[in-house]
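One-letter residues, chain by chain:
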Amino acid sequence: MGAKEVKDYYGDYATLRVPPEERRTFLNMLMVFLGVLAVWAAVFGGASMATILDAKGILLASILGSVALGVIAFFTGLIGSYNGVSTYVILRHSMGRFGSIAAGIVISGISSALWFAFETWLFGVIMQGVFPDNFLTRVDVAAFWGGLLMMTTALIGYRGLAALSYLVVPAWFAIIPMALAASIALKGGWSALLAAKPEQPAGLAAGITFVIGLYIVGATIAPDVTRFSRRPLDGPLAWFIHVVIFMPVILIAGGWLQLLSPGSNLAAEMVAMGMGLAVLLTGILGQWTTNDNNLYSASLAWVNAVPKVKRWVWVLILGLSGTIVAVLIARGYGISLDALLKFGTLLGTFIPPITGVMIADYYIVQPLLFGKRDPRTRYNFGPGTVYGAVRWPGVAAWVIGSILAYYIPKIHPGVPGAILGLFTGLVVHILLMALCKASGIPHDVGKWVETETGW
Amino acid sequence: MAEAFTSYAVKSLSASTVLFLVTGLIAATGAQAFSSHFAYFAVASALLVGVNVARLKYCSGCDVKRVGEIAVQAGWLVTSLSLVYITMAPAKIYSMNTVNLTITEALGLILLMIGATLLLKTKKETGVSLSI
């Protein structure tokens, strides 16, 4: 921030560098990341792999996919921890001010908000599944109070997310493996698991791609959390460890159980084993620690996009509308869940190229083309900083990467769209920036000067 | 002040370590099935909390903020892990008899209170945020 004191107008340093006194420890980052992962939807995601892979395949795909995610987000997370700003503010350098607005809305402004609605609805479904005969746990009613509940920590900001994660994460990661171990033993044990075959076997590559696709958005927006890192490596390492060690545990839990007992899910199995209280704890609190992060990131993206509206107002707007959507889905009032999920998945196709552009710009373009070797001063932020209004090579790389990631897998189903998009974004951005530098073509269209509030 | 508080935190966490082992032992002997799960959990919990006791002792010369940070992190750990006993012990799959179940639940609640008290006291005496 330099010597100049800047007022945090939007709250929670949404547009500013996080000051040193607000930075958090490695353990804090690890807990917040694990809080995102501690959710029933991740277990259900693992279960999806059981239709294409056997026990060994699920194990390998989970580990290899998670390592790939760990590497990707180590790079994005490090940008956040060096610079102390959110994903959307970082993107101002590689895509320009308006490019960052558009990318931020796609990454989090819409897709994270949609995920908030989906997870809130899923919360209602889990509650009704555990306690079927209670008015308060009816899908629509539970979605309503659950959505309001999950807004509270996002309203507080990063401190709220962290405190809740500290409470939930250790218990969640003790309960789920205990439940899984008991469930596997009841269903024939390890020998039955190793003998079980998937319904429609597919290659390991399909499984790895699936795992990467599950969490690529999280890898892209890692800077939203790592900007609070006390030391540069705290946040990126926390991400790497959470995704490489803990994510496979959850995916394998869901996948193996599904393989042993097709059609079942761990939540229902736990209820059958008399672990209703544990399902309630992991369901309410686990869903909460994930969904508040969705809302938090969405609010940061909208602060970067619309002037004057404070972060907590965005949390209220997005949280209330997400809750209403979840209730409407639950009541079947004309909102199609399928349509929402399809839209969310479609947006998911457009996100990895942005990740590629972000990584390419910070680690290759700035040091190699512009000689900015020191990662701490590679990007400038703060009042008076001049950005391009649109940095067209970054935006073009995003568009080209998105088109390829969308169409190529339709023609060649074996090609992983997320990975193709990421590498296309990365390569095209480098090439276009190098072309601009070599030919003297301006890489920026127009300019934008950062205001006193960081907008 | 830092020394007095460190001493309190070390005592709280040492007591928690012992209680995790005792609770785990009772749960493991009381459970008719899958008793080893509670035994593994108890040992893992005691180890994790024990590491924090060592961190505090190693940190005896640290300032009160640093001590507070460790105490907050350890306090959350005790609070969170106590919830595992409270929610998992009643599961019918473990077939725990009433006496053992009652003792396990009571010890789980005591651990919960120790953790919560440590958190509140740390915040009050060191000023360290609970979200550190």
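Residues numbered from 1 in each chain as written. Chains lettered and ligands numbered in written order. Predicted model: local features only at pLDDT ≥ 70, side-chain atom pairs only at ≥ 80, totals over all residues. Heavy atoms only, no water.

**Points about the overall build of chain B**
When its secondary structure is counted, chain B shows four helices and zero strands. Reading chain B from its N end, one meets helices and strands in the order α-α-α-α. Relative to the compact-globule value of 14 Å for 132 residues, chain B shows a C-alpha radius of gyration of 16 Å, a close match. The C-alpha extent of chain B, read off along each of the three principal axes, is 50 × 25 × 20 Å. Within chain B, the fraction of its 132 residues that count as buried is 54%. A separation threshold of at least 6 residues defines the contact pool for chain B, and within that pool the share at least 24 residues apart is 78%. Accessible surface, chain B as shown: approximately 5700 Å² in total, 70% of it carbon and sulfur. (Helix = DSSP H or I, 4+ residues; strand = E, 2+ residues; numbered from the N terminus. Rg over C-alpha atoms; globule rule 2.2 N^0.38 Å. Buried < 20%, exposed > 50% of the residue type's maximum accessible area, 1.4 Å probe, protein only. Contact = heavy atoms within 4.5 Å. Areas by Shrake-Rupley, 256 points an atom, 1.4 Å probe, with all protein chains shown as cover.)

**Description of the packing of aromatic side chains**
Residues and elements named next belong to chain A. Under the counting rule described, the total for this entry stands at 27 aromatic pairs over all chains. With centroids separated by 5.7 Å and ring planes inclined at 35°, the aromatic side chains of F118 and W121 adopt a geometry described as tilted. Placement of the pair is F118 and W121 together in helix 4 (residues 87–130), with a separation of three residues, close to one helical turn. Classification of W121 as buried rests on a relative accessible area of 18%. Note on F123 and W145: the rings are 5.2 Å apart at their centroids and 90° apart in plane angle, and the pair reads as edge-to-face. (Phe/Tyr/Trp six-rings, centres within 6.5 Å; stacked < 30°, edge-to-face > 60°.)

**Things to note about the state of the cysteines**
All names here are of chain B. Tallied over the entire structure, the rule returns one disulfide over all chains. Note that C59 is cross-linked by a disulfide to C62, the S-S spacing being 2.1 Å. Between C59 and C62, the S-S dihedral sits near -115°, and the bridge is therefore left-handed. (Disulfide = S-S within 2.5 Å.)

**Overview of the confidence of the model for chain B**
Residue and element names in this part refer to chain B. Mean pLDDT over chain B works out to 91, with 98% of the residues at or above the 70 mark. Within chain B, helix 4 (residues 98–126) carries the highest mean pLDDT (94), whereas helix 1 (residues 2–30) carries the lowest (90). Both confidence scores are given for the complex: pTM 0.91, ipTM 0.94. (pLDDT = per-residue confidence, 0-100.)

**Remarks on the pattern of salt bridges**
Here the idea is simple: oppositely charged side chains can pair when their charged atoms come close. Using the criterion set out here, one finds nine salt bridges over all chains in the structure. Measuring nitrogen to oxygen at the nearest pair gives 3.1 Å for the salt bridge that ties R230(A) to E69(B). Here R230(A), found in the loop between helix 9 (223–226) and helix 10 (234–260), pairs with E69(B), found in helix 3 (residues 64–88), and the two come from separate chains. According to the relative accessible area criterion, R230(A) is partly exposed, its value standing at 40%. For R231(A), the salt bridge is made with D234(A), and the minimal N-O distance between the two is 3.1 Å. With relative accessibility at 54%, the residue R231(A) sits in the exposed group. (Salt bridge = Lys/Arg side-chain N within 4 Å of Asp/Glu carboxyl O.)

**Regarding a nonpolar patch on the surface**
Nonpolar side chains collect at one region of the surface, where L59(A), I63(A), V67(A), V71(A) and F75(A) lie side by side and expose about 340 Å² of accessible area between them. Relative accessible area serves as the criterion here: at 32%, V67(A) is assigned to the partly exposed category. (Patch = residues over 30% accessible without salt bridge, like charges linked within 9 Å, V, L, I, M, F, W, Y side chains within 5 Å.)

**Digging into the interface of chain B and chain A**
Taken together, the contact pairs 25 residues of chain B with 28 residues of chain A. Roughly 2200 Å² of surface becomes buried between chain B and chain A when both sides are summed, with 74% attributable to carbon and sulfur atoms. At the boundary of chain B and chain A, one finds one salt bridge. Taken together, chain B and chain A are joined by 11 residue pairs in polar contact (both at pLDDT 80 or more). Taken together, the elements giving at least two residues each to the side of chain B that touches chain A come down to helix 2 (35–58) and helix 3 of chain B. It is helix 3 of chain B that contributes the most residues to the side of chain B that touches chain A, 12 residues altogether. (Buried area = accessible area lost by both parts, 1.4 Å probe. Polar contact = N/O pair within 3.5 Å; in protein donor to acceptor, adjacent residues only side chain to side chain.)

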